[in-house]
Amino acid sequence: MWGRQCYRWSDLDFEANAKDGYGVDWPIRYKDIEPWYDYVEKFVGVSGQAEGSPVLPDGQFLPPMQMNCVEEHFKSVLAKHYDDRVMTIGRVAVLTQSHNGREACHYCGPCERGCSTGSYFSSQSATLPEALATGNLTIITDSIAEKVLYDEKSRRATGVRVLDAHTTQKTDYKARVIFLCASTLGTTQLLLNSANQQFPEGLGNSSGVLGKYLMDHTWVFGASGEIEGFDDKYHQAHRPNGIYITRFKNVTTTEKNYLRGYAYQGGASRPTWHRGLGTPGIGADFKNTLRQPGTWNMGLAGFGEMLPYADNYVTLNQEVKDKWGLPTLKINCTFHENERNMMKDMQSSAVEMLEKANAKNIQLMGTPEAHPPGIGIHEMGTARMGKDSKTSFLNGNNQSHEIPNLFITDGSCMTSSAVQNPSITYMALTARACDFAVKKLKENAL
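Residues numbered from 1 in each chain as written. Predicted model: local features only at pLDDT ≥ 70, side-chain atom pairs only at ≥ 80, totals over all residues. Heavy atoms only, no water.

**Focus on the layout of surface pockets**
What the second largest pocket holds in volume is close to 760 Å³. Lining of the second largest pocket is provided by 26 residues; of these, His235, Arg239, Asn241, Ala268 and Ser269 occupy positions nearest its centre. Those elements that provide at least two residues to the lining of the second largest pocket are strand S10 (262-269) and strand S11 (297-304). The biggest single contributor to the lining of the second largest pocket is S10, with four residues. Partitioned by chemical class, the residues of the lining of the second largest pocket number eight nonpolar, 15 polar and three charged. (1 Å grid on protein atoms, 1.4 Å probe; cavity = no way out; pocket = protein on both sides within 12 Å on 5 of 7 lines; lining within 4 Å. Points joined across faces, edges and corners; volume = space filled by probe spheres on them. Helix = DSSP H or I, 4+ residues; strand = E, 2+ residues; numbered from the N terminus. Nonpolar A, V, L, I, M, F, W, Y, C, P; charged D, E, K, R; others polar.)

**Details of the packing of aromatic side chains**
Applying the stated criterion across every chain, the model contains 16 aromatic pairs. Between Trp9 and Trp26 the ring centres are 5.5 Å apart and the planes differ by 75°, which places this aromatic pair in the edge-to-face class. Of this pair, Trp9 sits in the segment before helix H1 (11-14) while Trp26 sits in the loop between helix H2 (16-20) and helix H3 (30-44), placing them 17 residues apart in sequence. Ring geometry for Phe407 versus Phe436: centroids 6.2 Å apart, planes at 65°, classification edge-to-face. Pair noted here: Phe407 is in strand S15 (residues 406-408) and Phe436 is in helix H9 (residues 423-442), with a separation of 29 residues, a long-range link. For Phe436, a relative accessible area of 17% puts it in the buried group. (Phe/Tyr/Trp six-rings, centres within 6.5 Å; stacked < 30°, edge-to-face > 60°. Buried < 20%, exposed > 50% of the residue type's maximum accessible area, 1.4 Å probe, protein only.)

**Side note on the pairing of strand S4 (residues 143-151)**
Summarising the sheet, S4 and strand S5 (residues 156-164) pair through eight bridges and their orientation is antiparallel. Across the sheet, residue Val148 finds its bridge partner in S5, namely Val160. Linking S4 back to S5 in an antiparallel pair, the connection comprises four residues, with Arg155 at a positive phi of about 55°. (Pairing = 2+ DSSP bridges.)

**Some points on the sheet that holds S11**
Remark on secondary structure: sheet strands pair via backbone hydrogen bonds, oriented parallel or antiparallel. Pairing is antiparallel across the open sheet formed by six strands, whose spatial order is S3-S9-S10-S11-S8-S14. If you trace the sheet from one side to the other, it starts and ends with strand S3 (87-89) and strand S14 (360-365), each paired once. The mean angle between the axes of side-by-side strands here comes to 20°, regardless of whether they run parallel or antiparallel. Strand direction decides the pairing type here: strand S8 (residues 218-226) and S14, joined by four bridges, are antiparallel. Bridge assignment links Ala223 to a residue of S14, and that residue is Leu364. (Axes fitted to C-alpha atoms, helices over the stretch in contact; angles between N-to-C directions.)

**Some thoughts on the pattern of salt bridges**
In the structure shown here, the tally under the stated rule is 21 salt bridges. The residue Arg29 makes a salt bridge to Glu15 at a minimum N-O spacing of 4.0 Å. Of this pair, Arg29 sits in the loop between H2 and H3 while Glu15 sits in the loop between H1 and H2; the two residues are 14 residues apart in sequence, bridging distant segments of the chain. With relative accessibility at 23%, the residue Glu15 sits in the partly exposed group. Linking Lys440 and Glu443 is a salt bridge whose minimum nitrogen-to-oxygen distance equals 3.5 Å. Here the residues in one salt-bridge network are Glu15, Lys19, Asp25, Arg29 and Lys387, joined through shared partners. (Salt bridge = Lys/Arg side-chain N within 4 Å of Asp/Glu carboxyl O.)

Below, the structure is given as structure tokens:
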């Protein structure tokens, strides 16, 4: 499930590959995508606090959610001891006031069971109703995309072949323009399975980069600790959000043993009766102790940037087929020394900040063995954007270098991973690419 955290990239992120030489240079910069961040945020409804941070651009925000007392205390501690990091309430696609026909969140929780008021942004509550209202949307369910169809004479994609999930009957759907937004691995699997005589290594893959440079964020690495002095206070309801501490490493200074950086997400809370699941005890006295909230705890979990490596890649596994007879993906992806060094720093920096706040019983979070790539669920890369068709799959408009009417706007298009949750960037890139495609269609240039 999408956690709905929405953080813009800055030029620190778009320029990183060019500056340190890992990956290829992005074909766009912040100014190219800034108006599309605006466009998407105005539609989605993102609550947040403007901070004026150069590494985390402000956006079109609804009123922010409120930090609880321990989070406010921790923020003041950071402000006292550091001048290179900003702690803010999470920027989240959950409404704090009525917006575009959807009602404000009333903090009922648990969000993972769905949102009956449509307060958190989802396709069910926002985009699909809007698309249906145009009269131009047809939804076809129980369908499995098998391959993108291609005409060698025109050098254009002509449609998509789909299998019925129940009968496996094949249907070809024709179109003038094809957009793939099937998730990082789903899109790449589809393109690899669309190989033909002209493109034997995957549709549009003359460069050979399709499937390579898979990335995910390092996640969880950090620390937590108990905060004393607030036992007479409690947090309000079920706030579907946490705090965010902006990236501060390799911004104005240079770390010795790793490139790029990380940011923290987390928050403070008091455990409820659920803590009894891991606590020895039985009987009435034990139950009564669980009626009282536990000790305040502050947790900081780092999201770290993973560099793009050619040896992190996916290929089709022809030996293992899915239930529809399609080849599955074989995934080869590991964190390298750069990420492992960053993980250690995430933990030590979190401990340092918690110690500044006089936290007790500080515990480290995250281990490389228990938290490999995939745990962050922020898969990116495998069909990256770039300036050169020899080293990238897409151009600066998310358009295939080889097939001009084929566009890809999910995580597979990403050239680097940055530290921010990526979904709002996918949406901005999608809106931008759609605008470009419509203009080119009108010019009969696709």
